[in-house]
Structures are given as C-alpha cells and as structure tokens.
Amino acid sequence: MNQTILELKDITKIYPGVVALDHVSLSFRSGEVHAIVGENGAGKSTFIKVITGAIQPTSGELYFEGNRVEHNSPQKALDLGITAIYQELNLLKHLTVAENIYYNRYTVKNGLIDFKDLERKSGEVLDRLGVRIDPKMLVKNLSVGYQQLVEIAKSLSRNVKVMIMDEPSAPLTNNELRYLFDIVRKLRDDGIAIIYISHRLEEIFEICDCVSVFRDGHYIKTMPVARTSKEELIRLMVNRELTESYPAFAAHRGEKVLEVKNLNTELLKDVSFSAYRGERLGFAGLVGAGRTETARAVYGADPIQSGEIYMHGKKLKLRSPEDAIRSGIVLIPEDRKQQGAFLHLSIKENIMFSYAPEISGVLGILDRKKERGICDAQIKALSIKTPSMDQLVKNLSGGNQQKVILAKWLLMKCDVIIFDEPTRGIDVGAKQEIYQLMNELAEQGKVIITISSELPELLGMSDRVIIMAEGRITGEVKASDVTQEDILRYASAV
C-alpha cells in the first residue's frame, strides 16, 4: 500500500508538427486515487495511451514495480495488471456478463466452454465488488451503470494493479455515480492504484487523494486534493484566471418565435411552452423527465401523437428533422459523436454538409473556392482550433467538435438553436468559449434552448427555466429567482 507501482520518466511524444507530450515525468502509488486534469489537448489521452501500450513514446521510460518495461504493448500492459475503462465501454453486448468478464480466457473441457466454471468465477469477481448481477444476463439488458461495473469486474478478473478510469461518470445518473464512487473507494482500499480522469472537478475533490495538472503537453504540478481548490486547479489548467463561471448577459427578450401547444408523444404529456427572440430558455429535470424527448419532438426526430408547434405564428408540420431545419429549428444533440458530427469526415465536409446545395451551380457542381472561403470564415468566427479545415473532426477536442456542429447550423440561418448538454465532456476553458458563443447568439436575436443536467450551468445560462418530471412540465421559473434546491423540488414532483 502507498508504494510506487508505476513510474513514467521524461515521456515525450511527437507527431508531425505537434508535441503531444513534452518530457513528462509522473509516478503513481498503490492504494491511491490519482486524478489527472487538464483542458482538451493537454496531453491526458496521449499519456494514458503510453501507459496502456496503445502508442509508443518518442522518448522516455516506463517502470512497473521498479522494473523498466521494454516495448510496451496493450497485451503486455494487461499481463502486468494495467487496465483502462473508457467512457465508450468495450463490451460485446450480445454476450452474457460472464462471457464478457472472461472473454478469450474461457475454461475449456473436452473442446467445449465450461459455462458453469465461467459463471462461478464471474460470480466471485462480482461478489468482490459487492455487485448483484446475474452472470448469465446479456450485457445489452443492463443499464449503462451496470455495464460499467462489468468492465470493472473484467479488470479485476485480470488481477489488476493499476486501473485507469477515463471520464467514467459521463454517462451515469446521480445514483449510479454514488455507486461508482463506493466501488472506487473499495478498489483503493484493496491496494489498487486508480488513475482517474474527469472534467468534473467536483468529483476530484470527492473521490481522489491527489491530482496532477497537464497543460499543452506539459506536466505542471501534483498536489494533495486536500491542499488545493477548484479555483487553483482551473488557474493551473488554463494558465489564466476565470473570474466568472458564466459570462455576463443582459436579456433583451423580443417577440414570440416558438410556441408549443399540448404536445403528446409516447412519453410526453400535454407539454406547452413558448420561447422568445433573444431569450435563453432552460429545461431542467431528472433522468427520464422528458427534456431530450421534448427537444427531439420539436426537432422532428420523434413522432408526435398530438399537439401543435408554431414558428412566428405559423403552424408547422414536422415529419422529419429536415422539416424543422427548413423552419429554422436546429438541434445540437447530447451525443455529438454519434448523432451530431461525422467524425471520420473533415471539418470542411461537416460544416458544408447541409449548406453545399446552396452554393452549387445549376448542374450541381460545387464551387470549391467559395466553399473554402465559407468554411474559413466559420472557423475564424467560432475560433475553432485546428491546423486546417481538412482536419478530421475525430481529431478535435470536444469543445471544437461542438463548435463545428454549431458552425454547420449557423449557415442554415436558424432562429431556434437547441443545445442538449452543451458542455458534456468539455474542459473548463472551452466551456467558457461555448457559453460566450451561446450568449452572442442570443444577443443576435436567436432563441437559445439549453438542456443540462448540471444545475449551476442551467441557472447560469438561462433567463427562464422550465422543469419537467415524468413527461410533464411541473414548473416554470425565472432563473435569477430560484436555487438548485427549488429546481430539484419541481423536478421531483409528479
């Protein structure tokens, strides 16, 4: 316990034109939860990939239990007892819990898999975690929180000594998060070194023992959590003071733009609300309250059973998102990687995806010069950090991916922009940029609708908040007049 188990010395990783890690040295101890924080692009992911053997450093050394590790690889890291649990879980959902925990390590008797032995061993690992999951259950039938526990059990089955958790809380509900924290504490008490990466700084102070800060590929500092503060971490991460969590905004509400009357779907029940030009309207509620479903119905992505939607007083017939876009309603979804952007296409291709027909000639031939000029203007206007508009979107940070999606919709001259969890998985510095963009769009007269599970964000970035529970609107408040506790009371109402 508390002995150095993993040490990295002078790690450097250079890509063409980019120094991703610059002479980074850091060590980790058994029985300790060690956080790594930094803005997107700080080098955290590259550092983790060096530890797991996914990439080879340009220079530097890695030591495990005092021995230098030569030619590290994913398999060698697993053999040593180093595992990683990522936000996007690495499970085969059509297989059982037991089959996932011991995948490719099955006990075989007479040429057949010994399922009884497999289920027994899996049960023992789950018992060690204090988790009640039937090893015979298919993974696809588990909630995201329980799927994550299966990932942790899979790591334990390999006699893990160092466990990396990369944004483990992002997909979890509040109850699942409490359970995750209990598991992390149990693993720490069992002597496992936990490397914990999260953009949610409040988690660092609740679950971690120490924290290391990265910035622009450099290691900055390691501190005991008890001897630092959120403000100091932010200052070290961004190298500047962020004096306000939410930028100042002077509301200038104009005429009514959007009106929803008695909207009903499979989940929603008589949802009615209005939104006005230049207004920032927030939607609050617990998981399953119907916030995202409201956004999807207004965006034409989910079928409406009954109800009416008006834009500028004109009744809309929304059969698809295409109808909503033509009417001036756009959505930046919660899952930007799966639903918001084409990760394997370039920034230019993403921005121009919907707008390209607008600058195509009679024969459908795209004006390439005009296309690049438009993209360049959007990149500059939104301060998208990229070496080129031809960069693949998958290589951008979360904040810059969000800006690319926004750039695409701004070309369509929309009047209503719906942001579903606008800063999920985005670092603290990039959050400020997204908030500023949202305010600027509202000041230009656009309706900004924000759905967020982070109540401080919702209150800080809304003029008015609508609260939902079980598919119904249970309250409507002025953001400046209520507390987080008031919101939760409304959100718990049936």
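Above this text is the structure in question.
The following refers to the structure shown.

Conventions and cut-offs
Residues numbered from 1 in each chain as written. Predicted model: local features only at pLDDT ≥ 70, side-chain atom pairs only at ≥ 80, totals over all residues. Heavy atoms only, no water. Helix = DSSP H or I, 4+ residues; strand = E, 2+ residues; numbered from the N terminus. Contact = heavy atoms within 4.5 Å. Areas by Shrake-Rupley, 256 points an atom, 1.4 Å probe, with all protein chains shown as cover. Lys, Arg positive; Asp, Glu negative; His and termini not counted. Charge placed at Lys NZ, Arg CZ, Asp CG, Glu CD. Patch = residues over 30% accessible without salt bridge, like charges linked within 9 Å, V, L, I, M, F, W, Y side chains within 5 Å. Salt bridge = Lys/Arg side-chain N within 4 Å of Asp/Glu carboxyl O. Buried < 20%, exposed > 50% of the residue type's maximum accessible area, 1.4 Å probe, protein only. Expected span 1.5 Å × (residues − 1). 1 Å grid on protein atoms, 1.4 Å probe; cavity = no way out; pocket = protein on both sides within 12 Å on 5 of 7 lines; lining within 4 Å. Points joined across faces, edges and corners; volume = space filled by probe spheres on them. Nonpolar A, V, L, I, M, F, W, Y, C, P; charged D, E, K, R; others polar.

Within the protein chain one finds 17 helices and 22 strands. Its C-alpha atoms give the protein chain principal-axis dimensions of roughly 70 × 55 × 50 Å. In the protein chain, once contacts between residues fewer than 6 apart in sequence are set aside, the share between residues at least 24 apart is 65%. Of the roughly 23,100 Å² of accessible surface on the protein chain, a fraction of 48% belongs to carbon and sulfur atoms. Between the averaged position of the 64 positive side-chain charges in the protein chain and that of its 66 negative side-chain charges there is a distance of 3 Å.

The next point concerns a nonpolar patch on the surface. Nonpolar side chains collect at one region of the surface, where Val-108, Ile-113 and Phe-115 lie side by side and expose about 240 Å² of accessible area between them. With respect to the element layout, Ile-113 can be found in strand β8 (residues 112-113). Residue classification places Ile-113 among the partly exposed positions, given a relative accessible area of 33%.

This model, assessed by the stated rule, comprises 36 salt bridges. Notably, a salt bridge pairs Asp-182 with Arg-185, separated by 3.4 Å at the nearest N-O pair. Highlighted residues: Asp-182 and Arg-185, both in helix α6 (residues 174-189), separated by three residues, approximately one helical turn. Taking relative accessible area as the criterion, Asp-182 reaches 45% and is therefore assigned partly exposed.

Here helix α5 (residues 144-156) contains 13 residues, and its C-alpha end-to-end distance of 19 Å stays within 8% of the 18 Å for a straight helix at 1.5 Å per residue. Within the sequence span of α5, burial applies to Gly-145, Gln-147, Gln-148, Leu-149, Val-150, Glu-151, Ile-152, Ala-153, Lys-154, Ser-155 and Leu-156.

Quick look at empty space enclosed by the protein now. Here the structure, examined in full by the defined rule, presents two cavities of 30 Å³ or more. Taken together, 11 residues make up the lining of the largest cavity; nearest its centre are Glu-167, His-199, Arg-200, Arg-424 and Gly-425. A per-class count over the lining of the largest cavity returns two nonpolar, four polar and five charged. Estimates place the volume of the second largest cavity at around 50 Å³. What lines the second largest cavity is Leu-258, Phe-273, Phe-283, Arg-291, Thr-294, Ala-295, Val-298, Ile-418, Ile-449 and Ile-451. Secondary structure elements with two or more residues in the lining of the second largest cavity: α9 (291-298) and β20 (447-451).

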